[in-house]
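Given next are the chains, with one letter for each unit.
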Amino acid sequence: MPDIEKYRERLKYCRLCGHRCEVNRLQGEKGKCNTLAEIRISSFAPHFGEEPELVGRFGSGTIFFTNCNLACVFCQNYDISHQGKGVKIEPSGLVKVMLDLQKRGCHNINWVSPTHLVPLLIPALLEAREQGLNIPLVYNSGGYDSLEALEMLDGLVEIYMPDAKYGDPSSAKKYSNAPGYWEMNRAALKEMHRQAGDLVIENGVAVRGLLVRHLVLPEDLAASYEIFKFISQELSTETYINIMDQYRPCNDAEAHHELNRRITTDEYRAAIILAKNCGLHRGFQDFYW
Ligand code: SF4
């Protein structure tokens, strides 16, 4: 197994995400993600609900990690992300999981919510590569990753799949308890794009690059236009962006009347028009016309 201690050191003064808690997780301190220096997973399996370019024919090899550095009031996986549902797994066990998913034909390994675990996951990834893992790694995060975390991943991640949740700082603070999200998200997307470039698809399957997800919220609380404008002007109009319409009130969303409904067709249509007006064209369909 590669030098685990070198990476674990990063947990001594944790700044893996925008919270910058600076706690010593090796000494039992917990930051906002409520996570010690151990890997916990809630499930792993070939998954067929991701973007078609990740699913291909045999699925995306998803591994759901327990806990999260964001606290979205509308989270659909609250039991995993905040109630700690999951089991501890040693790095050697994670190596076996990744190799097993490859053996089952998955087109990629899909780390779901990995930000708070980056230094613990890298040694397992390196060991799995040593043992024959040769499918792309998808880094599937909420987009609140620090540059310190992303620099550790440089050269190791084939496909970055961050959320771009909010183009407005006040919504990020209010609904995900993520101060500075908009600023951090822009820096993270730029770094991810610098490392991986635009999404490359071969024979219908993604092989490398950046894939952004954006969930449209009611009342334009996500400030979608700001996100589209940033991506088109500062990344690339070739950016693949999955503009999602499946918002539904979950978890504590009903406590916020403005979030306590699905989006309307008009709201989704408006988001698509804005994206297209910014020159974006990959990752979404204009099937509402
Ligand atoms: S990962 Fe983020 S939330 Fe967790 S302790 Fe580190 S800085 Fe804090």
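For the structure itself, look to the data block above.
Because the structure is a prediction, the values reported are computed rather than measured. (Residues numbered from 1 in each chain as written. Predicted model: local features only at pLDDT ≥ 70, side-chain atom pairs only at ≥ 80, totals over all residues. Heavy atoms only, no water.)

Draft legend 1. Up close: the nonpolar core. Counting 85 residues, the largest nonpolar core has Ile-63, Phe-74, Trp-111 and Ile-243 as its most contacted members. For Ile-243, the contacting residues outside a window of four places in its chain are His-214, Val-216, Phe-228, Tyr-268, Ala-271, Ile-272, Ala-275, Gly-283 and Phe-284. Counting 8 residues, the second-largest nonpolar core is a separate cluster that includes Leu-54, Met-161, Leu-199 and Leu-211. (Core = buried A, V, L, I, M, F, W, Y, C linked by side-chain atoms within 4.5 Å. Buried < 20%, exposed > 50% of the residue type's maximum accessible area, 1.4 Å probe, protein only. Contact = heavy atoms within 4.5 Å.)

Draft legend 2. Structural detail: the environment of Leu-153. Along the polypeptide, Leu-153 turns up in helix 6 (residues 147-153). For the pair formed by Leu-153 and Glu-5, sequence separation is 148 residues and the distance between their alpha carbons is 16 Å. Look past the residues within four positions of Leu-153 in its chain and what remains in contact with it is Val-118, Ile-122, Tyr-139, Tyr-160 and Gln-195. (Helix = DSSP H or I, 4+ residues; strand = E, 2+ residues; numbered from the N terminus.)

Draft legend 3. View of the pairing of strand 9 (residues 240-244). Of all 5 residues in strand 9, 5 are buried; the element is thus mostly enclosed. Burial of strand 9 is two-sided: the residues Tyr-240, Asn-242 and Met-244 facing one way and the residues Ile-241 and Ile-243 facing the other way are all buried. Here strand 8 (residues 205-215) runs beside strand 9; their pairing, made up of 5 bridges, is parallel. Among the inter-strand pairings, Leu-215 is bridged to a residue of strand 9, identified as Met-244. Crossover strand 8 to strand 9 through helix 9 (residues 224-235) is right-handed. (Pairing = 2+ DSSP bridges. Right-handed = clockwise from strand over helix to strand, strands pointing away.)

Draft legend 4. Representation of the site of the ligand in the model. Near the ligand the following residues occur: Cys-14, Leu-16, Cys-17, His-19, Arg-20, Cys-21, Val-23, Arg-25, Gly-31, Lys-32, Cys-33 and His-116. A per-class count over the shell around the ligand returns 6 nonpolar, 3 polar and 3 charged. (Near = heavy atom within 4 Å. Nonpolar A, V, L, I, M, F, W, Y, C, P; charged D, E, K, R; others polar.)

Draft legend 5. Examining the pattern of salt bridges more closely. Here the structure, examined in full by the defined rule, presents 22 salt bridges. In this structure, Glu-9 engages Lys-12 in a salt bridge whose closest nitrogen and oxygen atoms are separated by 3.5 Å. For Lys-12, a relative accessible area of 40% translates into the label partly exposed. The residue Glu-226 makes a salt bridge to Lys-229 at a minimum N-O spacing of 3.7 Å. Here Glu-226 and its partner Lys-229 are both found in helix 9, 3 residues apart, which amounts to about one turn of the helix. Exposure remark for Lys-229: the relative accessible area of 27% places this residue in the partly exposed category. What emerges from the salt-bridge pattern is a single network uniting Arg-15, Arg-20, Glu-22 and Glu-148. (Salt bridge = Lys/Arg side-chain N within 4 Å of Asp/Glu carboxyl O.)

Draft legend 6. View of the environment of Arg-129. Looking at where Arg-129 falls in the secondary structure, it is placed in helix 5 (residues 118-130). With 31 residues separating them along the chain, Arg-129 and Met-98 place their C-alpha atoms 9.6 Å apart. Leaving out residues up to four positions away in the same chain, Arg-129 has contacts with Asn-134, Ile-135, Pro-136, Leu-137, Leu-156 and Glu-158. Of note is the side chain of Arg-129, whose polar atom sits 2.8 Å from the backbone oxygen of Ile-135. (Polar contact = N/O pair within 3.5 Å; in protein donor to acceptor, adjacent residues only side chain to side chain.)

Draft legend 7. Broad picture of helix 7 (residues 169-176). For helix 7, every residue scored as buried is listed here: Ser-171, Ala-172, Tyr-175 and Ser-176. Viewed along the axis of helix 7, the buried residues span an arc of 100°, placing them on a single side of the element. Residues of helix 7 that are buried sit in contact with helix 8 (181-196). (Arc of directions from axis to C-beta.)

Draft legend 8. Highlighting the packing of aromatic side chains. Across all of its chains, the model carries 6 aromatic pairs by this definition. With a centroid separation of 5.6 Å and 75° between ring planes, the pair formed by Phe-74 and Tyr-247 is classed as edge-to-face. With a gap of 173 residues between them, Phe-74 in the loop between strand 2 (60-65) and helix 3 (78-81) and Tyr-247 in the loop between strand 9 and helix 10 (265-277) connect regions that are remote in the sequence. Taken as a pair, Phe-74 and Tyr-247 share a single burial class, namely buried. Ring geometry for Tyr-139 against Tyr-160: centres 5.6 Å apart, planes inclined by 70°, an arrangement best described as edge-to-face. (Phe/Tyr/Trp six-rings, centres within 6.5 Å; stacked < 30°, edge-to-face > 60°.)

Draft legend 9. Representation of helix 5 within the structure. When the terminal C-alpha atoms of helix 5 are compared, their 18 Å separation across 13 residues agrees well with the 18 Å that a helix rising 1.5 Å per residue should span. Within helix 5, 10 of the 13 residues are buried, which leaves it mostly tucked inside the rest of the structure. Within helix 5, the full set of buried residues consists of Val-118, Pro-119, Leu-120, Leu-121, Ile-122, Pro-123, Ala-124, Leu-125, Glu-127 and Ala-128. Positive backbone phi, approximately 115°, marks Gly-132, located one or two places after helix 5. (Expected span 1.5 Å × (residues − 1).)

Draft legend 10. Summary view of unusual backbone geometry. Backbone geometry at Arg-20 places phi at a positive 45°, although glycine is not the residue there. Relative to the assigned elements, Arg-20 resides in the loop between helix 1 (4-8) and strand 1 (39-47). Arg-20 sits in the partly exposed class, given a relative accessible area of 29%. Even without glycine at this site, Glu-219 takes up a positive phi of about 60°. As for its placement among the helices and strands, Glu-219 is situated in the loop between strand 8 and helix 9.

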